[in-house]
Amino acid sequence: MSGWRLILVIATGIPLAAQHSFTPADIEDGGKLFRTNCVSCHGPEGTLVDGVDLGHGKFRHASTEEGVIRIIQEGIPGTAMPPNNFTDFQAGTILAYLRSVATGGRTSLPNGDAARGRVIFEGKGGCASCHRVYGVGSRVGPDLSDIGALRRVAEIELSILDPNAEVLPQNRYYRVTTKSGEVVTGRLLNEDSFSVQILDTKERLLSFQRTDLGDARFLNESPMPSFRDKLSAAERADVVTYLVSLKGF
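Note that the structure is a prediction, hence the values are computed from the model and not measured. (Residues numbered from 1 in each chain as written. Predicted model: local features only at pLDDT ≥ 70, side-chain atom pairs only at ≥ 80, totals over all residues. Heavy atoms only, no water.)

Some remarks on the pattern of salt bridges
Here is step 1: Counted under the stated rule, the structure contains nine salt bridges.
Here is step 2: Note that Glu235 is salt-bridged to Lys124, the shortest N-O span being 3.0 Å. Residue Glu235 is found in helix α9 (residues 233-244), and its partner Lys124 is found in the loop between α6 (114-122) and β1 (132-133); the two are separated by 111 residues along the sequence.
Here is step 3: Linking Asp200 and Arg204 is a salt bridge whose minimum nitrogen-to-oxygen distance equals 2.7 Å.
Here is step 4: A cluster of three or more residues bridged by salt bridges with shared partners is formed by Arg35, Glu155 and Glu166. (Salt bridge = Lys/Arg side-chain N within 4 Å of Asp/Glu carboxyl O. Helix = DSSP H or I, 4+ residues; strand = E, 2+ residues; numbered from the N terminus.)

Below you can see the structure in the form of structure tokens.
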């Protein structure tokens, strides 16, 4: 989609979001906002809610895209749709992203075998040493029990090939350094003004007082290695097919 700009227009012909046009970078940011805030209910294609297809303009509580912008920002009282602190432009980029998904078509499934993919996931790939599926595996990394319902095929493939391409906020690792020089990295479970709780890479639940810390910060890089050179193309296709099959309990 490089080199093109997308303008969303409501039924009256007036461009959305104060007549903003959306560059490919804007649309990519909209995708990140959607995956972080919306995908768990609406699904990776914006079609999981019955009667709603966000990418193709099929809405239940709005007749125009401008109305959808308001719903994204204000929510729908009495429903599971909460308000979100998005600007007009941010909400517009979410819709622009969904439009790009709809016009680009669904990514076809790789020609893999889910059963073989599970064997690789639990064996050669070593994925269960960080990830959990249906209650089995480690809690160090994100639980993948419903990854097939939350991520598109292309996004799963990219995560396997280049884990640093996109690290969602909820999946970022957290690192603390104590004043004595001890460094601990893991998943941030909770923090407040006085303490920080982390599940470290050995699955230990650790708590630190902020007064004992010299530094505490999120890491921008994923701890997951790339499998580009660790698995063959056929093996990667098997693993992706397996992950796509995971739709939750």
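With respect to the confidence of the model for the protein chain
Here is step 1: Per-residue confidence for the protein chain averages 86 on the pLDDT scale, and 91% of its residues sit at or above 70.
Here is step 2: Taken element by element, the protein chain is modelled with least confidence in helix α1 (residues 16-19), mean pLDDT 42, and with most confidence in α6, mean pLDDT 97.
Here is step 3: Considering only residues more than four positions removed or in separate chains, one finds that residues 1-19, a stretch of pLDDT under 50, has 42 contacts. (pLDDT = per-residue confidence, 0-100. Contact = heavy atoms within 4.5 Å.)

Notes on the packing of helix α4 (residues 65-74) against helix α5 (residues 88-104)
Here is step 1: Running from amino to carboxyl end, α4 crosses α5 at an angle of 120 degrees, the nearest separation of the two axes being 9 Å. The element α4 and its partner α5 pack so that their crossing is right-handed. Contact residues: Glu65, Val68, Ile69, Ile72 and Gln73 in α4; Asp88, Ala91, Gly92, Ile94, Leu95 and Arg99 in α5. (Axes fitted to C-alpha atoms, helices over the stretch in contact; angles between N-to-C directions. Left-handed = near helix turned anticlockwise from the far one by under 90°.)

What about the nonpolar core?
Here is step 1: Counting 23 residues, the largest nonpolar core has Phe34, Ile72 and Leu98 as the members making the most contacts within it.
Here is step 2: When contributions to this core are tallied by element, the ones reaching two or more residues are α2 (24-37), α4 and α5.
Here is step 3: The element best represented in this core is α5, accounting for seven residues.
Here is step 4: Not counting residues within four places of it along the chain, the set of residues in contact with Leu98 comprises Phe34, Glu45, Gly46, Leu54 and Gly55.
Here is step 5: One finds Ile120, Leu144, Leu231 and Tyr242 within the second-largest nonpolar core, a separate group that totals 17 residues. (Core = buried A, V, L, I, M, F, W, Y, C linked by side-chain atoms within 4.5 Å. Buried < 20%, exposed > 50% of the residue type's maximum accessible area, 1.4 Å probe, protein only.)

Focus on the sheet that holds strand β3 (residues 174-178)
Here is step 1: Strand order in the open sheet formed by five strands is β6-β5-β4-β3-β7, with antiparallel pairing between adjacent strands. Each edge of the open sheet carries a strand with a single partner, namely β6 (205-209) and β7 (213-218). In this sheet, adjacent strand axes meet at a mean angle of 40 degrees when their direction is disregarded.
Here is step 2: In this sheet, β7 lies alongside β3 in antiparallel orientation, the contact comprising five bridges. (Pairing = 2+ DSSP bridges.)

Examining the layout of surface pockets
Here is step 1: Of the volumes computed, that of the second largest pocket is approximately 480 Å³.
Here is step 2: What lines the second largest pocket is a set of 23 residues, and nearest its centre among them are His42, Val49, Ile71, Ile76 and Met81.
Here is step 3: Counting only elements with at least two residues in the lining of the second largest pocket, the list comes to α2, α3 (39-42), α4 and α5.
Here is step 4: Element by element, the count of residues in the lining of the second largest pocket is highest for α4, at three residues. (1 Å grid on protein atoms, 1.4 Å probe; cavity = no way out; pocket = protein on both sides within 12 Å on 5 of 7 lines; lining within 4 Å. Points joined across faces, edges and corners; volume = space filled by probe spheres on them.)

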